[in-house]
Amino acid sequence: MQTTFTDAQLLDPDTRRSNEILRSCVHCGFCTATCPTYQILGDELDSPRGRIYLIKDMLENNKVPDKATVKHIDRCLSCLSCMTTCPSGVHYMHLIDHARQYIEQNYKRRWDERALRWLLSRILPYPGRFRLALKGAALARPFRKLIPDARLRAMLEMAPRKIPDISKNDLPQSFAAEGPRAKRVALLTGCAQRTLNTDINDATIRLLKRHGCEVVIPQGIGCCGALTHHMGKSRESHSAAAANIRALVAELDGRGLDAIVINTSGCGTTVKDYGHMFRNDPLASDAARVASLAKDISEVMEEIGLKDASHADPLRVAYHAACSLQHGQQIRSAPKELLKAAGFQVLEPRDSHICCGSAGTYNLMQPEISSQLKEHKVSKLEAVQPHIISAGNIGCMMQIGSGTDIPVVHTVELLDWATGGPKPPALAATL
Amino acid sequence: MSTIAMPKPDARILAEAPQIIAALRDALPAGTVISDPEETRAYECDALTAYRCPPIAVVLPRTTEEVATAMRICQRFSVPVVPRGAGTSLAGGALPTADSVVIATIRLREILEIDTTNRFIRVQTGVTNLSVSAELEAEGFFYAPDPSSQLACTIAGNIAMNSGGAHCLKYGVTTNNLMGVRCVLTDGEIVEVGGPFMDSGGLDILGLLCGSEGQLAIVTEATLRIVPKPEDARPMLIGFDSAETAGECVARIIRSGLIPVAIEYMDDVCLRAIEAFAKTDYPKCAAVLIVEVEGSQGEIAHQIERIREIADELSPVEFRSSRNKDESLAIWKGRKSAFGAMGRLGDYLCLDGTVPVSKLPYTLKRIGELSKHYGLEVANVFHAGDGNMHPLILFNANAPGELERAEAYGADILRLCVDVGGCLTGEHGVGIEKRDLMSKQYSAEDMAIQMDIKDVFDPDWLLNPAKVFPLDVSQPYRDRASRS
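Owing to the predicted nature of the structure, the values given are computational and were not obtained by experimental measurement.

Quick notes on the overall build of chain A
Consideration 1: Counting its secondary structure elements, chain A contains 24 helices and nine strands.
Consideration 2: Since a compact globule built from 431 residues should have a radius of gyration of about 22 Å, the 21 Å found for chain A is in line with a globular shape.
Consideration 3: Across its three principal axes, chain A shows a C-alpha extent of roughly 60 × 50 × 40 Å.
Consideration 4: When each of the 431 residues of chain A is scored for burial, the buried share is 53%.
Consideration 5: Within chain A, residue pairs in contact and separated by at least 24 positions form 73% of the contacts whose partners lie at least 6 positions apart.

Quick notes on the overall build of chain B
Consideration 1: Counting its secondary structure elements, chain B contains 17 helices and 18 strands.
Consideration 2: Expected size for 484 residues packed as a compact globule is a radius of gyration near 23 Å; at 23 Å, chain B falls within 12% of this value.
Consideration 3: Along the first, second and third principal axes, the C-alpha atoms of chain B reach 70 × 55 × 40 Å.
Consideration 4: Counting every position in chain B, which comprises 484 residues, the buried fraction comes to 52%.
Consideration 5: Look at the contacts in chain B between residues 6 or more apart in sequence, and 72% of them connect residues 24 or more apart.

Remarks on the UniProt feature "domain: FAD-binding PCMH-type" (unreviewed entry) in chain B
Consideration 1: In the numbering adopted here, UniProt assigns the feature "domain: FAD-binding PCMH-type" (unreviewed entry) to residues 51–229 of chain B.
Consideration 2: Regarding residues 51–229 of chain B, the helix share stands at 21% and the strand share at 25%, and the terminal C-alpha atoms are separated by 40 Å.

With respect to the sheet that holds strand E10 (residues 218–225) of chain B
Residues and elements named next belong to chain B.
Consideration 1: A sheet is described by the order of its strands in space; here five strands give the open sequence E5-E6-E10-E8-E9, paired in antiparallel fashion. In the strand order of this sheet, the two ends are held by strand E5 (111–115) and strand E9 (190–194), each with one partner. Sheet twist, expressed as the mean angle between neighbouring strand axes with direction ignored, is 10°.
Consideration 2: Pairing analysis gives five bridges linking strand E8 (residues 178–184) to E9, with the strands arranged antiparallel. Counted as the bridge partner of Arg182 is Glu192 from E9.

Observations concerning the interface of chain A and chain B
Consideration 1: The interface of chain A with chain B comprises 25 residues on the first partner and 26 residues on the second.
Consideration 2: At the level of elements, helix H3 (48–60) and helix H4 (67–74) of chain A are the ones that each hand at least two residues to the side of chain A that touches chain B.
Consideration 3: Sorting elements by how many residues they give to the side of chain A that touches chain B places H3 of chain A first, with four residues.
Consideration 4: A per-class count over the side of chain A that touches chain B returns 10 nonpolar, 11 polar and four charged.

Quick word on the domain arrangement of chain A
Residues and elements named next belong to chain A.
Consideration 1: Considered domain by domain, chain A is made up of domain 1 (9–106), domain 2 (117–158), domain 3 (168–301) and domain 4 (308–428).
Consideration 2: A C-alpha centroid distance of 29 Å is found between domain 1 and domain 4.
Consideration 3: For the side of domain 1 that touches domain 4, the secondary structure elements donating two or more residues are helix H2 (36–41) and helix H5 (81–85).
Consideration 4: Of the residues contributing to the side of domain 1 that touches domain 4, the split by class is six nonpolar, six polar and one charged.

Focus on the confidence of the model for chain B
Consideration 1: Summary statistics for chain B give a mean pLDDT of 94 and a share of 99% for residues scoring 70 or more.
Consideration 2: Predicted as a complex, the structure gets a pTM of 0.93 and an ipTM equal to 0.91.

Concerning the sheet that holds strand E9 (residues 408–410) of chain A
Residue and element names in this part refer to chain A.
Consideration 1: An order of E7-E6-E8-E9 is seen for the four strands of this open sheet, with the pairing classed as parallel. In this open sheet, the two edge strands, each paired with only one partner strand, are strand E7 (345–347) and E9. Ignoring strand direction, the axes of neighbouring strands in this sheet form an average angle of 35°.
Consideration 2: Direction of pairing for strand E6 (residues 316–319) relative to strand E8 (residues 388–391): parallel, over a ladder of three bridges. Pairing of Val317 across the sheet is with Ile388, part of E8.

Concerning the pairing of strand E4 (residues 259–262) of chain A
Within a regular beta strand, the side chains point alternately toward one face of the sheet and then the other, so they alternate between its two faces.
Residue and element names in this part refer to chain A.
Consideration 1: Burial of E4 is two-sided: the residues Ala259 and Val261 facing one way and the residues Ile260 and Ile262 facing the other way are all buried.
Consideration 2: Pairing of strand E2 (residues 183–188) with E4, which is carried by four bridges, proceeds in the parallel orientation. Pairing of Ala186 across the sheet is with Ile260, part of E4.
Consideration 3: Relative to strand E5 (residues 294–296), E4 runs parallel, the two sharing three bridges. Considered in E5, the bridge of Val261 is made with Lys295.

Re the environment of Tyr171 of chain B
Residue and element names in this part refer to chain B.
Consideration 1: Mapping Tyr171 onto the fold places it in helix H6 (residues 168–171).
Consideration 2: Take Tyr171: there are 19 C-beta atoms within 10 Å of it, and that puts it in the partly exposed class.
Consideration 3: On a C-alpha basis, the gap between Tyr171 and Trp332 in space is 20 Å, while along the polypeptide they are 161 residues apart.
Consideration 4: In contact with Tyr171, other than residues within four places in its own chain, are Ala144, Asn177 and Val227.

Quick word on the nonpolar core
Consideration 1: Val185 of chain A together with Val250 and Leu289 of chain B are the most contacted members of the largest nonpolar core, which totals 265 residues.
Consideration 2: For this core, the leading source of residues is helix H14 (residues 402–419) of chain B, giving seven residues.

What about the packing of helix H1 (residues 11–27) of chain B against helix H3 (residues 64–76) of chain B?
Residues and elements named next belong to chain B.
Consideration 1: Put simply, H1 and H3 touch, their axes get as near as 10 Å, and they point 155° apart. Taken together, the axes of H1 and H3 are roughly antiparallel relative to one another. Every pair of crossing elements has a handedness; the one defined by H1 and H3 is right-handed. Two secondary-structure elements touch here, H1 through Ala23, Leu24 and Ala27 and H3 through Thr69, Ala70 and Ile73.
Consideration 2: Here the residues of the contact of H1 with H3 sort into five nonpolar, one polar and no charged.

Focus: the environment of Glu157 of chain A
Consideration 1: If you trace the backbone, Glu157 of chain A turns up in helix H9 (residues 150–158).
Consideration 2: Once the C-alpha coordinates of Glu157 of chain A and Leu364 of chain A are considered, the two residues, 207 residues apart in sequence, prove to be 9.6 Å apart.

Focus: the packing of helix H8 (residues 243–255) of chain B against helix H10 (residues 297–312) of chain B
Residue and element names in this part refer to chain B.
Consideration 1: Running from amino to carboxyl end, H8 crosses H10 at an angle of 140°, the nearest separation of the two axes being 10 Å. Comparing their axes, H10 and H8 come out oblique. Crossing of H8 against H10: the hand is right-handed. Along its contact with H8, which presents Cys249, Arg252 and Ile253, the element H10 presents Ile307, Ile310 and Ala311.
Consideration 2: Considered class by class, the residues forming the contact of H8 with H10 number five nonpolar, no polar and one charged.

Considerations on unusual backbone geometry
Consideration 1: A positive phi angle, near 55°, is found at Ser78 of chain A, a position not held by glycine.
Consideration 2: Tracing the backbone through its elements, the reader meets Ser78 of chain A in the loop between H4 and H5.

Section: the environment of Glu294 of chain B
Residue and element names in this part refer to chain B.
Consideration 1: Note that Glu294 resides in strand E14 (residues 287–295).
Consideration 2: Taking the C-beta count within 10 Å as the criterion, Glu294 has 20 such neighbours and is therefore assigned buried.
Consideration 3: Separated by 59 residues in the primary sequence, Glu294 and Pro235 have C-alpha atoms spaced 8.6 Å apart.
Consideration 4: Leave out the neighbours within four places in its chain, and Glu294 touches Pro230, Asp232, Ala233, Val261 and Ile300.

Calculation criteria
Residues numbered from 1 in each chain as written. Chains lettered and ligands numbered in written order. Predicted model: local features only at pLDDT ≥ 70, side-chain atom pairs only at ≥ 80, totals over all residues. Helix = DSSP H or I, 4+ residues; strand = E, 2+ residues; numbered from the N terminus. Rg over C-alpha atoms; globule rule 2.2 N^0.38 Å. Buried ≥ 20, exposed ≤ 12 C-beta atoms within 10 Å, placed from the backbone. Contact = placed C-beta atoms within 7 Å. UniProt positions renumbered as here; feature names shortened; annotations may be inferred. Pairing = 2+ DSSP bridges. Axes fitted to C-alpha atoms, helices over the stretch in contact; angles between N-to-C directions. Nonpolar A, V, L, I, M, F, W, Y, C, P; charged D, E, K, R; others polar. Domains from an automatic or database assignment. pLDDT = per-residue confidence, 0-100. Core = buried A, V, L, I, M, F, W, Y, C linked by C-beta atoms within 7 Å. Parallel < 35°, antiparallel > 145°, perpendicular 65-115°, else oblique. Left-handed = near helix turned anticlockwise from the far one by under 90°.

Okay, here's the thing in structure tokens:
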């Protein structure tokens, strides 16, 4: 598309990048077809093409964002389905990230929304605070019907009834490989994930050790910055990311790393983009090094190959493709192939390219659209009549789990089980 | 910004805009009418972005009755109505005018009936082309017309533009696969034409509606013919060292009486773009044909053999026929990513002229010569079997004057198509893009007959204004309509 940025505007690196992206868009409209919000709302403004148009207008004219633009940008899940569909390679992710940051800096939200966003950005990325908040939520849950704000109600609904104890495995340390060491890898233990579910990291560590990996939990590792990044809070997200980059580079320059393993694909998409986030920063080269070593657990396991899968019972596993894996990182076959190699019968639901509505904090900020997507996703998953639903992202697991009685586990828990680990605790009651 | 003129907006309508919007809002459910200027902007164009103009309002109805309500209100205020499907038109078919209301069909998404015994599907027209075939997949059927934008384009738009696609060489275009419609006339009357049967008595009104580019009515439901999926299909890849020889090969295949499902043509400019983007193993040569045949295994083997004989007479650089699914995917991969790959080279205008297959070699040669004359690169990637050409003219939209040069070049190519006995459009429609070239193809009398027909359906000339007919040609009709 034609753009009308001035030379002065193009001096700003973010604007320059957005101009490149807008110039590559031919406005063909293919992206509308696979956009979840467009499917639900049937309005071009809630499609990638419409949002690209709104962003273009806002950035070209240095506008103070108007309410309508903010509404439609906020409704974007950042599921990146459009990037898989786009024939012209439009990098929608960098464009929408820029727009969110621009809105955060130039638009004053209503007080309650500001407070909510501030609260989320101060709680979710910090496991200690998040634990405390979840305990508070448990106390408040019986009174949730009295709360007028749908978003706050959604938060209470989403808060799990039981919070696991803190796992010692998530503390900085190193786990020796079983047998001869093939790789030395760092594990990102996450922030919200390890508060909500400690089984995933435990299973990941066992699985990697069993496959000849020394697993390091680096000193100083924390939230990857994705949660605040998607709220446009670039100061917070950059400072979280910078801390991670420093922690990981210390390991890299110390005893070395073959890979940085991530088992929450939402985080993986962001860590793999560190190079772009820090491209104009003194940390640029370190960020690029970290990004190039970042791998989803399924990529690492695909490379190593699954050993001695002894699982006898070919349970029916519905594989839920997390958007951050299938669209953000373009990883589609690895998790399914691994599950098959482990002896499971892998089932694929219809419309697997459509988001479940979790999308980071989306289910908390946009509960109406999110719950429609959840309903849609759960019905497609249940239609294949699985024993288990498997996913590679904690957000999706919580979202889907809140809508079905079928147990939802992380793919690594099944791989760990099949190669000699314990049965995933989530399955204990039902299978 | 560009060379095609639009009429001056009607000041009376602009002044009445608040009342028009209020009337629409009053009569339709909440969330149906968009009128905030920040929001209508996203509807200011379709996939032809050179022409842009936000409308007064956009209406997104969910039922045929809501479409009728909106139409009635627009007629009451004498406001032009621009029908819109998914907005994927490359001809500007859904371009609004400043004094118009857009009525889009994208929320009409229900599959109403599937009948495989009588071979039809009935749908609301906001469903996408591909989702119709997806609905039928489990039953072993599909809907044949498959425009390249089939993932996103709607059946409403397909009917308006009489869309084609790769499969149309064998199965025909939309009009050959459309059995009936339910549509809304400008006075809000809902009428049904045709139905789930082969042909109805009387004049072929359905034939008139299909391809009428939103000039006559808004189609909200359609009954479509469906076909069983063939047992198998297999592509061949044939490379040639000259564009003319490739064109000759297409002509000879068609002359032989064989009916492949698709014959797709890609020239060297396109091949280079694909190579850089999709990492295919296409041969490096002047032109590549992909020919796909289908049927039982025996039929497929026979057709491949015949096509090999025809190609061999022309000494191809390479002849490759697929032996399995992976090889088929590898052959199609580059073609499917062609438009995306071209997009990475820069901006492009995608044309849509059709020529007799026998004239392909000459036309390709002339397009090449014109490319030098205008100093703009052109890539040819198109459905060659039915002579439907899609030259892509590459230009830089941000460089002043280049769009105008590209448009002039495009107009010359389309005139060339008409001169060799072809026509202006194969499947994209006339829209705004080719409006002023209509006089090249049709005499004043020809166009008068077409406009007389529009007069019957749309006596006030409210539907899809300023499209299809050159403004000077339609002026007397529009003047008469506005006086009455």
